[in-house]
Amino acid sequence: MASLFQNTEKLINPSCNKNELIASPFPTHQGLGFAPYLKYENYWYPEHLLKVTMAIKDTFKARSSDIILATVPKSGTTWLKAIIFCIINRQTYSVTNHPLLNSSPHDCFPFLHSIYENNNYDQLESMKDPRLLAVHSPFSSLPDSVTESDCRIIYLCRDPKDAFVSLRHYLANMRPDGCKMTPFSEAFDLFCAGVSPFGPFWANMLEYWKESIKNPQKVIFVKYENLMEDTIGNVKQLGEFLGCPFSDEEEKRGVLEEIVELCSFKKMKGVKANKEGEHGTGLSFKNSAFFRKGKVGDWRKYMTIEMGEKLDEIVKEKLHGSGLTF
């Protein structure tokens, strides 16, 4: 694994200078924030993550016990990481002495691309079963060892209007000094045209949606809005999907409620590691960037009604006939 990137170009560092785009065989486009995207097999990737994604697809060896969380960016990834970690480890940690009280969910449940960016392959080998790993990649970009094994995949997405607004705030927090952001209206038009990280977002959603219908024992599809509306019910359903259902005794003791409280936005936002810790490779930013509001419908404060209606119509058209709606 140490020679993983031999004979390939050096991994790209995010650039905010549109006049210094890398020479690449892949189509390049202005991004939603400050760095461009590269297109590969009909999807757009942040420039520094395409080669990582390709390397993961070619080399990652899944275990049958692996749990993969796949998400559209800014759809509640941090929250669901915490919830899944609690479900899986509820026999190991009490809510009063829990890793999430001192650590970021991203430390407990790492992104696979972060492990590859850091060349930290020993971490993969040393992780105890079940390994908890997160991706933003579309289903078609996952390694064969994931799609063809018995590992389970949880997919999370969100109303695209809220996801877009949350992503813009997140990218602004990441922006290095001296880098200019793509204007909001231009970024919105790009998003509507399908230019977004690991997008088009509708194609990313549809791949996992179809797999969840085709193979519901392997892929479960979760909407952020439903998770907000009935968190306890979703936690219980996830426990069943992951093969560790909650017993009647656990339900009577209030274990479900304890998990929901421990993973609540207010609780996690108050954890020191989430307020002051840092995250990222190449670009380093505060963990607090992962905790903004988490509210449903917040898009109305930043987008006009006309913009919302436009995006709704695009989503309706792209998802037509699939059974997936927002």
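These lines cover the structure that appears in this document, whether it is placed above or below. (Residues numbered from 1 in each chain as written. Predicted model: local features only at pLDDT ≥ 70, side-chain atom pairs only at ≥ 80, totals over all residues. Heavy atoms only, no water.)

**A closer look at the overall build of the protein**
Move 1: Across its full length, the protein holds 16 helices and nine strands.
Move 2: Counting every atom, the protein has about 15,500 Å² of accessible surface; 48% of that belongs to carbon and sulfur. (Helix = DSSP H or I, 4+ residues; strand = E, 2+ residues; numbered from the N terminus. Areas by Shrake-Rupley, 256 points an atom, 1.4 Å probe, with all protein chains shown as cover.)

**Here we look at the pattern of salt bridges**
Move 1: Per the stated rule, a full pass over the model turns up nine salt bridges.
Move 2: Arginine 63 is paired through a salt bridge with aspartate 129; the nearest N and O atoms lie 2.6 Å apart. Here arginine 63, found in the loop between α1 (50–59) and β4 (67–71), pairs with aspartate 129, found in the loop between α5 (121–126) and β5 (132–135); they are 66 residues apart in sequence, far enough to count as distant.
Move 3: Overall, arginine 63 belongs to the partly exposed group, its relative accessible area being 22%.
Move 4: With relative accessibility at 49%, the residue aspartate 129 sits in the partly exposed group.
Move 5: With a closest N to O distance of 3.2 Å, glutamate 251 and lysine 236 form a salt bridge. On the criterion of sequence distance, the pair formed by glutamate 251 in helix α12 (residues 248–253) and lysine 236 in helix α11 (residues 231–241) is long-range, its members being 15 residues apart.
Move 6: The network of salt bridges with shared partners includes Asp159, Lys161 and Asp312. (Salt bridge = Lys/Arg side-chain N within 4 Å of Asp/Glu carboxyl O. Buried < 20%, exposed > 50% of the residue type's maximum accessible area, 1.4 Å probe, protein only.)

**Some remarks on the sheet that holds strand β2 (residues 37–40)**
Move 1: The three strands lie next to each other as β1-β2-β3, forming an open sheet whose pairing is antiparallel. Whereas interior strands pair on both sides, the edge strands pair on one side only; in this sheet they are β1 (28–29) and β3 (43–46).
Move 2: The sheet contact formed by β2 and β3 spans four bridges and is antiparallel. Note on β3: the bridge partner recorded for tyrosine 40 is tyrosine 43. (Pairing = 2+ DSSP bridges.)

**Quick look at the packing of helix α7 (residues 160–174) against helix α8 (residues 184–192)**
Move 1: The geometry of α7 relative to α8 is characterised by a closest axis approach of 11 Å and an angle of 135° between their N-to-C directions. Between α7 and α8, the angle falls in the class oblique. Our pair here, α7 against α8, has a crossing hand that is right-handed. Two secondary-structure elements touch here, α7 through Pro160, Phe164 and Arg168 and α8 through Phe184, Ala187, Phe188 and Phe191. (Axes fitted to C-alpha atoms, helices over the stretch in contact; angles between N-to-C directions. Parallel < 35°, antiparallel > 145°, perpendicular 65-115°, else oblique. Left-handed = near helix turned anticlockwise from the far one by under 90°. Contact = heavy atoms within 4.5 Å.)

**Considering the environment of leucine 49**
Move 1: In this structure, leucine 49 sits in the loop between β3 and α1.
Move 2: Residue class for leucine 49 comes out buried when judged on its relative accessible area of 6%.
Move 3: Taking the C-alpha atoms as reference, leucine 49 lies 7.4 Å from histidine 113; in sequence the two are 64 residues apart.
Move 4: Sequence-distant contacts of leucine 49, defined by excluding residues within four places in its chain, comprise His113, Glu117 and Phe198.

**So, the sheet that holds strand β6 (residues 152–157)**
Move 1: Spatial ordering of the open sheet is given by β5-β4-β6-β7, a layout of four strands whose pairing is parallel. Every other strand in the sheet has two partners, leaving β5 and β7 (219–223) as the edge strands with one partner each. Between one strand axis and the next, the sheet turns by 20° as a mean value, whatever way the strands run.
Move 2: Bridge count between β4 and β5: four bridges; the pairing is parallel. Across the sheet, the residue bridging to alanine 70 is valine 135, located in β5.
Move 3: Sheet contacts for helix α9 (residues 201–214): β4, β5, β6 and β7; angle to β7, the most-contacted strand, approximately 130°.
Move 4: Set on the sheet, α11 makes contact with β6 and β7; between it and β7 the angle comes to about 170°.

**With respect to the nonpolar core**
Move 1: The biggest cluster of nonpolar side chains holds 65 residues, and the ones touching the most others in it are Leu32, Phe60, Tyr116, Ile153 and Tyr208.
Move 2: A per-element tally of this core places α9 first, with seven residues.
Move 3: Beyond its immediate sequence surroundings of up to four residues, tyrosine 208 is in contact with Ala70, Val135, Ser137, Pro138, Phe139, Leu142, Ile153, Tyr155, Val219 and Phe221.
Move 4: If you look at the next biggest cluster of nonpolar residues, it comprises 35 residues, including Ile83, Phe109, Phe241 and Cys244. (Core = buried A, V, L, I, M, F, W, Y, C linked by side-chain atoms within 4.5 Å.)

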